[in-house]
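For reference, the chains in residue letters:
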Amino acid sequence: MKKTLLFSLALLAGTRAGAQVFMRPADNAAISAMGGVAVSLPDAGRGVHNDALLGMARGVHVFASSAMPYGIAGWTNSHAQLVAGLSPASAATIRLWHNAAAGYSEQRLSAGYGRRLSEKIMIGLSADGLRRAAETYQPDFLISCTAGVLTHILPQLWLGCTVQNPFPQQSDGIWLPVVFRTGATWKPGDTFLFSIETQKIAGKPASVQSGMEYRPQSRFALRAGVRTGGGARLSFGTACSMKNGLTFHAATEWRADLGITPTFMISRTFAPTDQINNKHS
């Protein structure tokens, strides 16, 4: 509790001093439960974090997720996403993140597009608008972008990578860092997958995260993961799907020095009934 309080005070002090650049938003519940792995996952049902995945998205998916980072009541984090298929080989997405602590708030709006170039290669690109505001200074805005690639290199193996902020920018005199993520997912069947990825932020050591998902039944999933870098974090969660495409996701991430981050998400897939049933069969 004491460490959590100190962390909260440090965050607010950094905010008021103008030293706080955009905080890392909490992942949605499906991704958080798997240790934050996302760039090589081959299924849009967990949300799209690599725009290249849009090259194989079908139908319409809607996601709404909320988290309470480290259980701090005054710190809220929410995320919404819409994914819409445009053709058999392309789709688009709109995402909105909201982060807020006492006296400070930030938002990120992103529009992305992905396309399948071949049976094994997909690419994607998104434009991001970022805004932050605090009591002690005027709101500022930044425009950035993220590029991604996803490849189905082997029948059971997927590789993915993304580059965020490839053109570094300054926010209040501090550079918004370049973030590079690359990962691999092994999916031997419909009941199990394992994913691992590394994240490198310019000027900081690389971190590694891994996660797995197991489906003992077609409509129920168990998830677990771990990530390193800045303190190890363990996570676990579940998901339960309905016949109409509605899915409930829950996750908890634990970090020894800061506590837990509970996350909950509701998602809905709008597609022909046979496609929804086939997805969970």
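All residue numbers here refer to positions counted from 1 along the written sequence of the relevant chain. It should be noted that, the model being predicted, local features are given only for residues of pLDDT at least 70 and side-chain atom pairs only at 80 or more, the latter also being counted only at that level, while totals for whole chains, interfaces and linings use all residues. No hydrogens and no water enter the side-chain calculation; it runs on all heavy atoms of the structure.

*Asks:* Would you mind showing me how to read the pattern of salt bridges here?
*Replies:* Here the idea is simple: oppositely charged side chains can pair when their charged atoms come close. Between Lys or Arg on one side and Asp or Glu on the other, a salt bridge is scored when a side-chain nitrogen of the former is within 4 Å of a carboxyl oxygen of the latter. Counting across every chain of the model gives eleven salt bridges. As a salt-bridge pair, Glu253 and Arg227 come within 2.9 Å of each other at their nearest N and O atoms. Of the two residues, Glu253 is situated in strand E15 (residues 246-255) and Arg227 in strand E13 (residues 220-227); the sequence distance between them amounts to 26 residues. Each member of the pair, Glu253 as well as Arg227, is classed as buried. Salt-bridge contacts for Arg233 lead to Glu253; the nearest nitrogen and oxygen are separated by 3.7 Å. Of this pair, Arg233 sits in strand E14 (residues 233-241) while Glu253 sits in strand E15, and the two are 20 residues apart along the sequence. Residue Arg233 shares its accessibility class with Glu253, and that shared class is buried. Through salt bridges that share partners, Asp43, Arg46, Glu213, Arg215 and Arg223 make up one connected network. Here a strand is any run of E in DSSP of at least two residues, a helix any run of H or I of at least four, and the numbering for each starts at the N terminus. Each residue is placed in one exposure class: buried if its accessible area under a 1.4 Å probe, protein chains only, is under 20% of its type's maximum, exposed if it is over 50%, and partly exposed if it falls in between.

*Asks:* Help me understand the nonpolar core, please; the structure alone is not making it clear to me.
*Replies:* Looking at soluble globular proteins, one finds that nonpolar side chains tend to be buried together. We define a nonpolar core as any set of buried Ala, Val, Leu, Ile, Met, Phe, Trp, Tyr and Cys residues linked to one another through side-chain atoms lying within 4.5 Å. Membership of the largest hydrophobic core comes to 17 residues, with the highest contact counts inside it found for Val48, Val83 and Leu150. Working rule for contacts: check all heavy atoms of both residues, and any pair within 4.5 Å makes them a contact. The residues touching Val83, leaving out its near neighbours within four places in the chain, are Val48, Leu54, Ala57, Gly59, Val60, His61, Phe63, Ala92 and Thr93. Of all hydrophobic cores here, the second largest spans six residues; its members include Ile31, Met34, Ala38 and Leu41.

*Asks:* I tried to follow the packing of aromatic side chains on my own but got confused; where do I start?
*Replies:* In this description, a pair of aromatic rings is defined by centroid distance and the angle of the planes. A pair of aromatic rings is counted whenever rings of Phe, Tyr or Trp (Trp by its six-membered ring) have centres within 6.5 Å, and the orientation is called stacked for planes under 30 degrees apart, edge-to-face for over 60 and tilted otherwise. Summed over the entire model, instances satisfying the criterion amount to two aromatic pairs. Ring geometry for Trp186 and Phe192: centres 6.1 Å apart, planes at 75°, overall edge-to-face. Taking the relative accessible area as the measure of exposure, Trp186 reaches 41% and is therefore partly exposed. Taking relative accessible area as the criterion, Phe192 reaches 26% and is therefore assigned partly exposed. One cation-aromatic arrangement involves Arg108 over Trp97; the distance from NZ or CZ to the ring centre is 4.5 Å. Both a distance and an angle decide whether a charge sits over a ring: NZ of Lys or CZ of Arg must be within 6 Å of the ring centre and within 35 degrees of the ring normal.

*Asks:* Teacher, can you tell me more about the pairing of strand E1 (residues 60-67) here?
*Replies:* Looking along a regular strand, one sees the side chains alternate between the two faces of the sheet. Side chains His61, Phe63, Ser65 and Ala67 project from E1 onto a buried face, and the interleaved Val60, Val62, Ala64 and Ser66 project onto a face without burial. Two strands make a pair as long as DSSP finds a minimum of two bridges between them. Where E1 meets strand E16 (residues 259-270), eight bridges bridge the pair, whose relative direction is antiparallel. In the strand pairing of E16, Phe63 is matched with Ser267. Bridging between E1 and strand E2 (residues 76-87) involves eight bridges; their strand directions are antiparallel. Its bridge partner lying in E2, Val62 is registered against Leu82.

*Asks:* In this structure, what is going on with the environment of Met212? I would like to understand it.
*Replies:* With respect to the helices, strands and loops of the structure, Met212 is situated in strand E12 (residues 207-217). Here the alpha-carbon distance between Met212 and Phe192, two residues 20 residues apart in the chain, equals 7.4 Å. Excluding residues within four positions of it along the chain, Met212 makes contact with Met34, Phe192, Leu193, Phe194, Leu222, Arg223 and Ala224.

*Asks:* So what exactly am I meant to see when it comes to a nonpolar patch on the surface here?
*Replies:* Residues Val62, Leu82, Ile94, Leu96, Leu109 and Phe270 make up a contiguous nonpolar surface patch of about 510 Å² in total accessible area. When you line up the elements, Leu96 lands in strand E3 (residues 90-101). With a relative accessible area of 43%, Leu96 lands in the partly exposed category. Patch definition: residues above 30% relative accessible area lacking any salt bridge, with like charges linked at up to 9 Å and the nonpolar side chains Val, Leu, Ile, Met, Phe, Trp and Tyr linked at up to 5 Å. The Shrake-Rupley method, run with a 1.4 Å probe sphere, supplies the accessible areas, and residue values consider only the shown protein chains as cover.

*Asks:* Mind showing me how you'd approach the environment of Ile72 here?
*Replies:* By the element assignment, Ile72 lies in the loop between E1 and E2. The spatial distance from the C-alpha of Ile72 to the C-alpha of Ile260 is 9.3 Å, given a sequence separation of 188 residues.

Keep in mind that these numbers describe shape and distance, not what the molecule does.
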